[in-house]
Structures are given as structure tokens and as C-alpha cells.
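Geometric and topological summary
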Amino acid sequence: MDAPLSTEAELARWLARHSRVLVLTGAGLSTASGIPGYRDKDGVRRGRTPIQGPEFRRDEAIRRRHWARSMVGWPTMASAVPNAGHRAIAELEAGGHLHCVITQNVDGLHQRAGSKRLIELHGNLHHVSCLACQARYSRAGLQPQLKRDNPELANMLAQPLPDGDAAIEPDALVDFHAPACAACGGVLMPDVVFFGDNVPPARTAHALAEMEAADALLVVGSSLMVFSGYRFCRMAAAAGKPIAAINAGRTRADGLLSLKLESPAQEVLPRLVDLLSVPAA
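Residues numbered from 1 in each chain as written. Predicted model: local features only at pLDDT ≥ 70, side-chain atom pairs only at ≥ 80, totals over all residues. Heavy atoms only, no water.

**Quick notes on the pattern of salt bridges**
Test applied: Salt bridge, as used here, is a side-chain nitrogen of Lys or Arg placed within 4 Å of a carboxyl oxygen of Asp or Glu. Numbering goes from the N terminus for both helices and strands, where a helix is a DSSP run of H or I of at least four residues and a strand is a run of E of at least two. Note on classification: 1.4 Å probe, protein chains only; a residue is buried when its accessible area is under 20% of the maximum for its type, exposed when over 50%, partly exposed between these limits.
Across all of its chains, the model carries seven salt bridges by this definition. Of the charged contacts in the structure, one is a salt bridge between Arg57 and Asp197, with a shortest N-O distance of 2.7 Å. Note that Arg57 is positioned in helix H2 (residues 53–58) and Asp197 in the loop between strand S8 (188–192) and helix H7 (201–213), a separation of 140 residues in sequence. In this structure Arg57 comes out as partly exposed when scored by relative accessible area, which is 38%.

Have a look at this one:
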């Protein structure tokens, strides 16, 4: 069943009626910041299947592939800045219209925009950890080392892909030197939840507790095709809590929505800030 299409004024009134709105954001919010999304407007995945977490930990060749593509794609992620949608969410939170933000994104843009009550469900790509000794590193701090150890890729240009990835041909990976932990020589892995892995239990519990405490759910920029996001819509629907969405395409939860705007989030959210800043009649 298609979700009912709504107006910005209707959504503003919907937000004003609820005091504990939980926001769930996805890749569609960050595309206006220059970070490519995973899916088209119908929710269909673009490109090849992402690297799986178990593969990364088991296979050195897979790790070389990841770090080579990350090295070339990192400038796109590193240069991304919060867009009007991120800033509007932070303003709505500061104004008391949003209670908590759960993001499926790993780009760190909500933090930089000023969101305070934030759960990064899938982690943050700006941090890296050693699988052996748990030492932590800044991803930006590893980039000079990657370029120094792999000068043949230092100035390579390639199509940017989601989450700091880039399209590189396999023959560029044969002699690639992946980074190792400076403390123990162990395997370094980004602090994100790879496909095939689970969200850490404590983070899941925190997110589910926020959903239970909320009185409404607003989905922004997500097709909800990944179950870790869709589960919040199922929880809200089972508890009789209203669900609204801002997404420029279909979502897996369209049949559960009470309101939907099929417009870019970076355009809708700032207008909601304006509408909600006007005193109620």
C-alpha cells in the first residue's frame, strides 16, 4: 500500500503534536553533502555487493581491497560538510521538537551539525580500531601513511562510492600495502558495522530504549531496506505510535506511514524549522 503524501504544513503540525519524536536518518540525508547513496528511488541497491565483515577479518586480499578503495575515496568523505538538512535537525532538537536522533549513516555529519542526543547505529567511519589490541586511530591520521606506502595510488581519481569507497580496478590492488596497528602490528578495521555483522548489543539496547520512550517516529532519507533500520518502524507500528517519513522515493515501511513527503530532506527540514518557529495561533 502506498503511503499518503502530505504537505510540509501537515508535517509541522504532526511534529508539534508530539513531545518525544525519534528521528531515524539514512543515506538520503547525506547525498546533498556529496556522499553517494547506496540505493535508487525504488530502494534497489546500486553496484557490487559491499565487503562483508567476516570476509574482512578473514582474508588479507579483501582487506587490501578495502583500504585501497578507501584511500582513493577518503577525500570525498573527509571534505563533506553538513548540509541544510543536518543543520535543521540539530535546530529542531535544540528547539525541543525532536527528542533523539538515530542515524544509519557513518559520516559523522550529525555530530558536526550540532546534534546532541545522537546514536550512530552503524558506527563512525572517522575512527579505526585494532582488532588485536583495540588501539584506536583517527582515519584522517592514517591517510598520509596510506599515501606514503602506496604512492602509485596517491593521485588516482576514481568514481566516489558510498561511505568513503571508490571504484578501483583489481589490478591496482596487487601490491597495495594496508595499514597495520602501530602499537602491536595487528589488523586495523574501521569502527563501523560492516554488512554481515551485527550492531553492538549495548548500542542496540540504547536505540531500542529510545524507540520505546518515543511517542512518534520520523524517518528521514532512508529506504529502510536494511532491517536494522526497518525494525524501528515495526516497533513503532506495533506500539501504535505514528510514523512519518521524508524520503525522495519508496520505503520498505510505506504501508505503515501516516504522513510522507517525497522531497529532498535538505529542502523540507529547513522549512519545518521556519514553520515551527512561528507561535501557534
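**Remarks on the sheet that holds strand S5 (residues 136–138)**
Backbone-to-backbone hydrogen bonds join strands into a sheet, with any given pair of strands oriented parallel or antiparallel. For clarity, the threshold we go by: DSSP calls a pair of strands paired once it identifies at least 2 bridges connecting them. Axis lines are fitted through C-alpha atoms, for helices just across the contact stretch, and the angle between N-to-C directions can take any value from 0 to 180 degrees.
With respect to topology, three strands assemble into an open sheet ordered S5-S4-S8, the strand pairing being antiparallel. Only two strands of the sheet have a single neighbouring strand rather than two, namely S5 and S8. Here the strands of the sheet are splayed against their neighbours by 40 degrees on average, with no regard to which way each runs. Examined bridge by bridge, strand S4 (residues 123–130) and S5 share three bridges and lie antiparallel to one another. Counted as the bridge partner of Val128 is Tyr137 from S5.

**Quick look at the sheet that holds strand S2 (residues 100–103)**
Heads up, the rule is: Residue contacts follow a heavy-atom distance rule, with two residues in contact if any of their heavy atoms lie within 4.5 Å.
In space, the six strands of this open sheet follow the order S3-S2-S1-S9-S10-S11, with parallel pairing throughout. Where the open sheet ends on each side, the last strands, each with one partner, are strand S3 (118–120) and strand S11 (259–261). The mean angle between the axes of side-by-side strands here comes to 15 degrees, regardless of whether they run parallel or antiparallel. Note: strand S10 (residues 243–246) against S11, three bridges, orientation parallel. Bridged to Ile246 within S11 is Leu261. Strand contacts of helix H8 (residues 227–238): strand S1 (21–25), S2, strand S9 (216–220) and S10, with the helix running at about 150 degrees to S9, the strand carrying the most contacts.

**Things to note about the nonpolar core**
Put simply, the rule reads: For our purposes a nonpolar core is just a set of buried Ala, Val, Leu, Ile, Met, Phe, Trp, Tyr and Cys residues, chained together by side-chain atoms within 4.5 Å.
Membership of the largest hydrophobic core comes to 29 residues, with the highest contact counts inside it found for Phe56, Trp67, Leu153, Phe176, Leu188 and Phe194. Within the residue set of this core, elements represented by two or more residues are helix H3 (60–79), S4, helix H6 (139–149) and S8. With seven residues, the top contributor of residues to this core is H3. Discounting chain neighbours no more than four positions away, the residues touching Phe194 are Ile51, Gln52, Gly53, Phe56, His66 and Met189. In terms of nonpolar packing, the next biggest core, distinct from the first, is built from 26 residues, Ala12, Leu15, Val23 and Leu259 among them.

**Overview of unusual backbone geometry**
Its identity as a non-glycine residue notwithstanding, Gln134 has a phi of 65 degrees, on the positive side. Topologically, Gln134 is positioned in the loop between S4 and S5. With relative accessibility at 52%, the residue Gln134 sits in the exposed group. In this model, Leu224 sits at a positive phi of 65 degrees, which is unusual for a non-glycine residue. For Leu224, a relative accessible area of 1% corresponds to the buried category.

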